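These are the residues of each chain, in order.
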Amino acid sequence: MTMETPLRQARGLGSARTGAHHWWLERLSSVSTLLLLVWFVASLWRLPAYDHGTIVQWLGSPLAAVPMILLILSTFWHARMGLIVAIEDYEHGGSRLLLVVLVNFLAILGAALAIFAVLKIAFAGTPA
């Protein structure tokens with residue numbers, strides 16, 4: 001027995017049943033970001049110095065560059081999901097779609113620029 005009216009059923013305005021999936025993705029991205037952030041802080045703490053040469057040499061290693069890229073992806077993905085939830089919860093006007101598109105665009109742009117910088121340092125040894 002459903003509580004929806006026939007018109008509501010026809011329009012498909014019921015639950016999308018994706019809330020639990022989105023909730024799990026947010027939790028998984030927060031855990032991955034936290035673990036990678038702990039790795040990042042511990043890796044920096046173990047460096048002998050924090051000068052340009054040491055950081056470039058450290059980031060030139062695949063054992064540093066790959067987790068750094070994963071940290072960037074995880075952080076931007078988590079921020080994107082959180083901002084979209086906030087927009088969906090609090091924005092009810094016509095600008096909602098524009099804001100979601102803008103958040104997606106800026107998240108992709110920010111992640112791409114950060115990954116480019118890491119790859120440039122890893123392969124060329126120079127900052128972007």
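Everything in this summary refers to the structure shown in the same document. Keep in mind the model is a prediction, meaning the values are calculated, not measured.

Some thoughts on the nonpolar core
Among the nonpolar cores identified, the biggest contains 16 residues, and Trp-58, Leu-59, Met-68, Ile-72 and Val-118 are the most heavily contacted of them. Sort the elements by how many residues they give to this core and helix α4 (residues 62-90) lands first, with 6 residues. Residues within four places of Leu-59 in sequence aside, it is in contact with Ala-64, Ala-65, Met-68, Val-118, Ile-121 and Ala-122.

Examining α4
For α4, with 29 residues, the first-to-last C-alpha span of 42 Å sits near the 42 Å given by 1.5 Å per residue. Turning to α4, its buried residues are Ala-64, Ala-65, Pro-67, Met-68, Ile-69, Leu-71, Ile-72, Ser-74, Met-81, Ile-84 and Ile-87. Those residues of α4 hidden inside the fold are in contact with α2 (19-46), α3 (52-59) and α5 (96-124). Where α4 begins, the capping side chain belongs to Ser-61, and its oxygen is found 3.1 Å from the backbone nitrogen of Leu-63.

Here's the deal with the environment of Val-66
Within the fold, Val-66 resides in helix α4. In sequence terms Val-66 and Val-118 are 52 residues apart; their C-alpha atoms lie 9.1 Å from each other.

Some remarks on α3
Of all the residues in α3, the buried ones are Thr-54, Val-56, Trp-58 and Leu-59. Residues of α3 that are buried in the fold lie against α2, α4 and α5.

What to know about the pattern of salt bridges
For side chains of opposite charge, pairing can occur when their charged atoms come near one another. Per the counting criterion, the structure on display carries 1 salt bridge. Among the ionic pairs, Glu-26 bridges to Arg-27, the shortest N-O distance being 3.3 Å. Owing to a relative accessible area of 14%, Glu-26 belongs among the buried residues under this scheme.

Describing the side chain of Glu-26
In this fold, Glu-26 is placed in helix α2. Polar side-chain contacts of Glu-26 include one of 3.3 Å to the side chain of Arg-27. Once residues lying within four places of it in the same chain are set aside, the contact partners of Glu-26 are His-78, Met-81, Gly-82 and Val-85.

Notes on the packing of aromatic side chains
The relation between two aromatic rings is expressed through the spacing of the ring centres and the mutual angle of the planes. Under the defined criterion, the tally for this structure stands at 4 aromatic pairs. With 5.2 Å between their ring centres and 80° between their planes, Trp-23 and Trp-24 make a pair best called edge-to-face. Judged by its relative accessible area of 52%, Trp-24 is exposed. Centre to centre, the rings of Phe-40 and Trp-58 are 6.3 Å apart; their planes meet at 50°, and the pair counts as tilted. Here Trp-58 lies in helix α3 and Phe-40 lies in helix α2, a separation of 18 residues in the sequence. The class of Phe-40 is partly exposed, set by a relative accessible area of 23%. With a relative accessible area of 14%, Trp-58 lands in the buried category.

Scoring rules and cut-offs
Residues numbered from 1 in each chain as written. Predicted model: local features only at pLDDT ≥ 70, side-chain atom pairs only at ≥ 80, totals over all residues. Heavy atoms only, no water. Core = buried A, V, L, I, M, F, W, Y, C linked by side-chain atoms within 4.5 Å. Buried < 20%, exposed > 50% of the residue type's maximum accessible area, 1.4 Å probe, protein only. Helix = DSSP H or I, 4+ residues; strand = E, 2+ residues; numbered from the N terminus. Contact = heavy atoms within 4.5 Å. Expected span 1.5 Å × (residues − 1). Polar contact = N/O pair within 3.5 Å; in protein donor to acceptor, adjacent residues only side chain to side chain. Salt bridge = Lys/Arg side-chain N within 4 Å of Asp/Glu carboxyl O. Phe/Tyr/Trp six-rings, centres within 6.5 Å; stacked < 30°, edge-to-face > 60°.

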